[in-house]
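# Fold and geometry: a report
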Amino acid sequence: MSAPVLTDPRMLSASGLDLLSRLVADPHAPLRVAVVAPGGYGKTTLLHQLDEAGRRAGLSVAAPWRPLADAELLLVDDAHQLDEARLDELCAYAERPDARLVVAHRPWPRPAPLLRLLDSLRRAHPPVTLTALTPEQIRALVPTAELASFVAAQTQGIPRYVERVAAGLSAADPALPPRVPATALAPFAADLDDLPADLRTLLLAVEAGAGLSYDLIASLLGQDAGRVADLVDAGRATGMLAADGTLVPLARLAIAALGTLAQRIDVRQRLAASQLARGGPVLPLVRPLLGSSSGAGLVPGAAGNDLGPVYEAAGEEALGDDPALAARLFAAAAGAGRTTAARRALATALSGDLDQASRLADQALVAGTAEQRSEAAYVSAVVLTHRGQPAQAVALYDWSRHGAAPGFGAIGLIATGRLAEAEQRTAPGGATGEPPTSLSATASLMARGVHDSVTASPTAALSALVQASALIEPAGPGVLLADSPAALGAIIAVQGAELDTADTLLARAVRSGTGGALLQPRHRLLQAWILMLRGRPVAAEQHVPALVAGDAPAGQHGRDVLLGAALRAGLARRNSDLVALRASWPDACQALIGQPVDLFGLLPLAELTVAAARLGEQQRVADHLDQADQLLTSLGDPALWSTPLHWSRLHAAILAEDHASVERHAEALDRNRDFSPYAAAVAAAGAAWQQVMTGRIEPDPVIEAARRLGALGLTWDATRLAGQAAIRTPDRKAMTVLLDCARTLQAPTEVRGTPDSGGAGTRTRAADAGQHLLSEREHEVAALVLEGLTYKQVAERLYLSAKTVEHHMARIRQRLGCTDRQELLARLRSLIGGAAEPASTPPPGTRP
């Protein structure tokens, strides 16, 4: 069954139009020419146009659809299908000098009689080769430029395919993204049915991803390479197969939609088996056999024990870029009789599903080979580490012969206070016997960095971790890490207030995808933590928006749940939001109870210690603080780790008005003052806080201490010290100087924007619209009032007096011409945006 004939002259390429114009210009002149093009390029359309033009000029025309003896113009179509006798007749006719003969044919096959005819025609006129339609021609057939681009991409300009898609799109909803209509695919059923079986198999193989690998296709077809070359030429002659060996996109869709499922599966399976035997990639061939991306099973008919090695090899190929897909492939391999529990556990862990990874690793530990059990032990150890159980993980690292196990095991030992054991593990001669890899070298560098953080300088520790981060970065998401060098480096950098270093490490890890889905939430939490320390709580909340709703972001486990809970509590405390702090506290307590104290958990523990004091819940953290003291003592009380904890405990003591504890922790800070710039800054700040507690405040030491904190990026700590000193000093001159210092150090006021406003910033677009009505200070005051803060809370945030805030609000009301509180709040919301009206009722005289 032949394809429908196109007669629209708009479907002709420029070369076809030129030939038509030549006939129209001089219909009685001799004309002997061959027209060549693959199927669908408009050869028959051109012959119809020549027929009409000749008859309008008074010529008698013989055509395939109108046989006629002794015609003045002879039109021949599909000459490649004619028998030898007919071709010989045409060849004799072409030798007549007055002949008018147009012969259309495909570029393949080319039997000898056809070649003789074409040679004769070529002596009279060069062959006319029909080409694809131009973008301008396609644009004339569809209503929009977007549709024209879509049609061109799907059809590659082949006229028959353009006509099919354009006709189907004419009835489509222009508001929806363009899609290939089903009516454009249906005619391919007849096209495919007309093809020989071997050629259909070739096209199915190309659709499956075999390309034009002659050896692979020859193996599939049971033919030699010469026969495959002929089939490729035949495929190109159909118009479905492009010159570069790829299928025209529309033809690919049609073959996938119309080919029988059993035949497509059979072709893919046989290709994959052949490709595996040759050592080639098999993933593109078997990926479609997995069905939907959300399902775990295979397409019906795609199973089979002989395909187990194929699915297993495809899983290895997918592991680096798509571990979830790799896990499904390993599951398919297991269903085909392969023992893949360890590899499936690895892939599942990389995709972030630690529960399933743990179950699979346990299976491999029980029933796997020695190599599989070693890998499963490593996966189980990593899972335990992510769940915040480093002590239990160490035993599994000891058992595993994985190259990274000694390094991560040493980190776990140091994290739990077993420094001497860690040093023995990383001593020369402690290798696993496995060849070194970038992962094992990374783990070794990470262990050295953590060791140096306890025994040497922060610079040495960060140097090793930065090297480790650069070493593992090219691996991206394809390696399973107990922790990333970027995360450990960021924690150590934060402990020493090296915030820029921490930012850089985390940004590179996020950009390269280090650790994949498993470590992405940890990196983002730490980035938000740094924003919080810099005095940018709104930006921190927007970095991990699930925290605002009190939900643990997807993918968080054990230690990161604790980190997220502490971050939420810290943001609430810095926002002076006692309601949010109380709301976050139960989750924080639950996370704290579920985690043993280790070195890397001191960061969230320190924050929760201050939050507990703010809520009068010190007993909730008392046992953990005792364990932290024991841990640090077992490690030799390293200043890098003990100083930040003393700093937080000093703040907790200040909130509890515990003067003895304030003095004790200030003295501990002073003992470490020579360790680093951060230690010196918090030692000076501790002494300044002692002045604040007694009320006997000397402005100069307080200002110097605040500026040192600010220089380290600890903006919130710096402004709070200066602001509280200003509030507590009885000397008005000193108060003025201290308030000026606090304002100078303060980070720009952040305003919460809508999702469309681009996130946090010093102003929203709505704020800019009302800028001419309010001064900068009035804008800051109004924005905080709209967030629900009382005048006293606004005063604390901006380092003003409550009376000054009240004066600002009175001037705003007068300037905006508002007569009551509701009108004022509504007008402010329209000018600068803001939250709903606060639910709490502040003390009298503190609201507009």
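Refer to the structure presented above.
Let me begin by describing the structure that accompanies this report. Fair warning: this is a prediction, and the values are worked out from it, not measured in the lab.

### A closer look at the pattern of salt bridges
- Going through the model one piece at a time under the given rule, you end up with 34 salt bridges.
- A salt bridge links arginine 268 to glutamate 207; the shortest N-O distance between them is 3.3 Å. In this pair, arginine 268 sits in helix α14 (residues 261–278) while glutamate 207 sits in helix α10 (residues 197–208), placing the two residues 61 residues apart along the sequence.
- Residues joined in a network through salt bridges with shared partners are Glu95, Asp119, Arg122 and Arg123.

### Structural notes on the environment of leucine 562
- Here leucine 562 shows up in helix α30 (residues 558–574).
- Residues leucine 562 and proline 604 lie 42 residues apart in sequence; the distance between their C-alpha atoms is 6.8 Å.
- Among all residues touching leucine 562, those that are not within four sequence positions of it are Ala591, Leu592, Gln595, Pro604 and Leu608.

### What about helix α24 (residues 438–455)?
- Over its 18 residues, α24 extends 25 Å from the first C-alpha to the last, a length consistent with the 26 Å expected when each residue adds 1.5 Å.
- All of the buried residues in α24 are Leu439, Ser440, Thr442, Ala443, Leu445, Met446, Ala447, Gly449, Val450, Asp452, Ser453 and Val454.
- Contacts made by the buried residues of α24 are with α20 (370–386), α22 (405–415), α23 (419–425), α25 (458–472), α26 (485–495) and α34 (639–655).

### Comments concerning the packing of aromatic side chains
- The final tally for this structure, using the stated rule, is five aromatic pairs.
- Judged by centre distance (6.5 Å) and plane angle (40 degrees), the rings of tyrosine 378 and phenylalanine 408 are tilted. Taken as a pair, tyrosine 378 in helix α20 and phenylalanine 408 in helix α22 lie far apart in primary sequence, 30 residues in all.
- We classify tyrosine 378 as buried; its relative accessible area is 2%.
- The cationic tip of arginine 164 hangs over the ring face of phenylalanine 188; the distance from NZ or CZ to the ring centre is 4.8 Å.
- The positively charged end of arginine 574 is found above the aromatic ring belonging to tryptophan 716, 5.0 Å away from the centroid.

### A short note on unusual backbone geometry
- With an omega of 5 degrees, the peptide bond running from tryptophan 108 to proline 109 counts as cis.
- One non-glycine residue, aspartate 637, lies in the positive phi region at around 50 degrees.
- Of note, aspartate 637 is situated in the loop between α33 (619–634) and α34.
- Take aspartate 637: its relative accessible area is 42%, and that puts it in the partly exposed class.
- Positive phi outside glycine occurs at glutamate 657, with the angle close to 55 degrees.
- Within the secondary structure, glutamate 657 is located in the loop between α34 and α35 (659–671).

### A short note on the nonpolar core
- Of all hydrophobic cores here, the largest spans 232 residues; its most connected members are Phe408, Leu599, Trp641 and Leu721.
- Non-local contacts of leucine 721, meaning those with residues more than four positions away in its chain, are made with Ala685, Ala688, Trp689, Val692, Val702, Ala705, Ala706 and Leu709.
- In this structure, Ala783, Leu789, Val794 and Leu828 belong to the second largest nonpolar core, which totals 23 residues.

Rules and cut-offs
For every chain, the first residue of the written sequence is number 1, and numbering continues from 1 onward in sequence order. Only residues with pLDDT of at least 70 get local features here, since the model is predicted, and only at 80 or more are side-chain atom pairs given and counted; chain-wide, interface and lining totals rely on the full set of residues. To obtain the side-chain values, all non-hydrogen atoms of the structure were included, while hydrogens and water were left out. Definition used for salt bridges: Asp or Glu carboxyl oxygen within 4 Å of a side-chain nitrogen of Lys or Arg. Elements are defined by DSSP. Helices are runs of H or I of four residues or more, strands are runs of E of two residues or more, and each kind is numbered from the N terminus. Should any heavy atoms of two residues lie within 4.5 Å, those residues are considered in contact. Expected span, for any helix, means 1.5 Å times one less than how many residues it has. To sort residues, take the accessible area from a 1.4 Å probe on protein chains only and compare it with the maximum for the residue type: under 20% means buried, over 50% means exposed, and anything in between is partly exposed. Think of it this way: a Phe, Tyr or Trp ring, Trp meaning its six-membered ring, pairs with another when their centres are within 6.5 Å, and the plane angle makes it stacked under 30 degrees, edge-to-face over 60, tilted otherwise. Note on criteria: charge over ring means Lys NZ or Arg CZ within 6 Å of the ring centre, with the direction from the centre no more than 35 degrees off the ring normal. By nonpolar core we mean a set of buried residues, namely Ala, Val, Leu, Ile, Met, Phe, Trp, Tyr and Cys, connected to one another through side-chain atoms within 4.5 Å.

Geometric values such as these leave the question of function open.
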